[in-house]
Amino acid sequence: MKKNFKPKAWVLPQPVLILGTYDADGTPNAMNAAWGGQWDYNKIFISLGSHATTDNLNRLGELTVAFATKDTMTEADYVGMVSGRKQPDKIERTGWKSERGENVNAPVFDCFPMTMECKVSEKLYESETGCYLIADIVNIICDEKYLSEDGKPDMEKMDLITFDPIHNGYITLGERVGDAFGSGKKLMV
């Protein structure tokens with residue numbers, strides 16, 4: 001027997017994205033966003049409310065997007081709970097270090113295995129409560145210790161986490177179980 005539920009934001013898995021921007025005084029800021037994903041081959045989208053990050057994006061139009069991990073979970077959760085508008089030293093409290101991105105005017109935090117440098121290309125349905133942000137990926141940075149033998153990022157090494165919106169938790173992504181565009185070939189006749 002199956003059980004029915006009213007509509008909820010339960011599309012799974014939901015990435016735990018850390019958006020990095022600079023405040024007006026040049027202080028690095030970060031927020032946790034779960035409602036985002038791939039928009040096109042070289043674009044991402046993120047559903048944003050009204051945040052200090054939103055203010056920063058309106059001013060600069062550039063950001064970094066990092067993927068939270070099991071090791072960064074506590075700090076990633078914290079930057080999602082605390083507003084940069086009310087807690088200007090929130091990055092200092094995380095212990096994260098950053099440097100300016102090579103291709104964008106946004107901070108790259110040292111503790112994440114992979115970070116995308118992005119430039120805002122479009123905002124949809126913008127209002128005082130937020131917007132849907134579409135951004136061009138201009139560069140992807142990956143720490144060498146997270147590369148596979150073929151020189152590309154290895155998700156299994158990263159211990160990435162996903163947001164569980166059903167039980168308000170975080171879950172680590174697991175092991176590789178098959179080959180995309182390959183595993184299904186056994187059913188082809």
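Scroll up to find the structure this text is about.
Enquirer: Provide a residue-level description of the environment of Glu 149, including the pertinent values.
Expert: The topology assignment puts Glu 149 in the loop between β10 (130-142) and α4 (155-158). Between the C-alpha atoms of Glu 149 and Asn 29, which are 120 residues apart in sequence, the distance is 34 Å.

Enquirer: So, the state of the cysteines: which residues are in play, and what are the values?
Expert: Each disulfide is one covalent bond, formed between the sulfur atoms of two cysteines. Within the structure shown, the criterion is met by zero disulfides. Unpaired in this structure, Cys 142 has its nearest cysteine sulfur neighbour in Cys 111, at a distance of 14 Å.

Enquirer: Can you tell me about the sheet that holds strand β11 (residues 161-164), naming the residues and giving the values?
Expert: The strands that make up a sheet are held in pairs by hydrogen bonds between backbone atoms, and each pair lies either parallel or antiparallel. Pairing within the open sheet is antiparallel, and its three strands lie in the order β1-β11-β12. Bordering the open sheet on either side are β1 (14-15) and β12 (169-172), each of which pairs with just one other strand. Pairing between β1 and β11: two bridges, direction antiparallel. Counted as the bridge partner of Gln 14 is Phe 163 from β11.

Enquirer: Tell me about the layout of surface pockets, and name the residues and values.
Expert: Space inside the largest pocket adds up to approximately 660 Å³. Lining the largest pocket are 24 residues, with Gln 38, Phe 67, Met 114, Met 155 and Leu 160 sitting closest to its centre. Counting residues per element, the ones that place at least two in the lining of the largest pocket are β1, β4 (36-40), β6 (62-67), β9 (114-127), β10, α4 and β11. Here the lining of the largest pocket is built from residues that sort into 18 nonpolar, four polar and two charged.

Enquirer: Talk me through the nonpolar core; I want residue IDs and the actual numbers.
Expert: In terms of nonpolar packing, the biggest core is built from 21 residues, with Leu 19, Ile 44, Ile 46, Leu 63, Val 65 and Cys 118 touching the most fellow members. Per-element accounting of this core gives the leading share, four residues, to β10. Ile 46 has contacts with Leu 17, Leu 19, Ala 33, Trp 35, Gly 36, Leu 63, Val 65, Cys 131, Tyr 132 and Leu 133, leaving out every residue within four places of it along the chain. Ranked by size, the runner-up nonpolar core spans twelve residues in total, among them Ala 66, Ala 68, Val 79 and Phe 112.

Enquirer: Tell me about the sheet that holds strand β2 (residues 17-22), residues and numbers included.
Expert: If you trace the seven strands from one edge of the open sheet to the other, you get β3-β2-β6-β9-β10-β5-β4, paired in antiparallel fashion. Lying at the two open borders of the sheet, with one neighbouring strand each, are β3 (28-33) and β4. Strand-to-strand twist of the sheet, defined as the mean angle between neighbouring strand axes without regard to direction, takes the value 35 degrees. As paired elements, β9 and β10 share eleven bridges and run antiparallel to each other. When the sheet's bridge partners are listed, Leu 124 is paired in β10 with Tyr 132. Helix α1 (residues 52-60) rests against β2, β3, β5 (43-49), β6, β9 and β10 of the sheet, and its axis sits at about 55 degrees to β2. Strands β2 and β3 of the sheet are contacted by helix α2 (residues 73-81), whose axis makes an angle of about 95 degrees with β3.

Enquirer: Got a sec to walk through the pairing of β6? Specific residues and values, please.
Expert: A large share of β6 lies buried, amounting to six of its six residues. Relative to β6, β2 runs antiparallel, the two sharing four bridges. Across the sheet, Ile 18 pairs through a bridge with Ala 66, a residue of β6. Taken together, the five bridges between β6 and β9 define a ladder with antiparallel strand orientation. Bridge pairing in β9 links Leu 63 to Cys 118.

Enquirer: An account of the side chain of Glu 62 is requested, with residue identities and associated values reported.
Expert: Structurally, the position occupied by Glu 62 is in strand β6. On the basis of relative accessible area, Glu 62 is assigned to the buried category, the value being 16%. A distance of 2.5 Å separates a polar atom in the side chain of Glu 62 from the backbone nitrogen of Asn 105. Among all residues touching Glu 62, those that are not within four sequence positions of it are Gly 20, Thr 21, Leu 57, Val 104, Asn 105, Ala 106, Cys 118 and Lys 119.

So, how was this worked out
- Residues numbered from 1 in each chain as written.
- Predicted model: local features only at pLDDT ≥ 70, side-chain atom pairs only at ≥ 80, totals over all residues.
- Heavy atoms only, no water.
- Helix = DSSP H or I, 4+ residues; strand = E, 2+ residues; numbered from the N terminus.
- Disulfide = S-S within 2.5 Å.
- Pairing = 2+ DSSP bridges.
- 1 Å grid on protein atoms, 1.4 Å probe; cavity = no way out; pocket = protein on both sides within 12 Å on 5 of 7 lines; lining within 4 Å.
- Points joined across faces, edges and corners; volume = space filled by probe spheres on them.
- Nonpolar A, V, L, I, M, F, W, Y, C, P; charged D, E, K, R; others polar.
- Core = buried A, V, L, I, M, F, W, Y, C linked by side-chain atoms within 4.5 Å.
- Buried < 20%, exposed > 50% of the residue type's maximum accessible area, 1.4 Å probe, protein only.
- Contact = heavy atoms within 4.5 Å.
- Axes fitted to C-alpha atoms, helices over the stretch in contact; angles between N-to-C directions.
- Polar contact = N/O pair within 3.5 Å; in protein donor to acceptor, adjacent residues only side chain to side chain.

In short, shape yes, function no, at least from these values alone.
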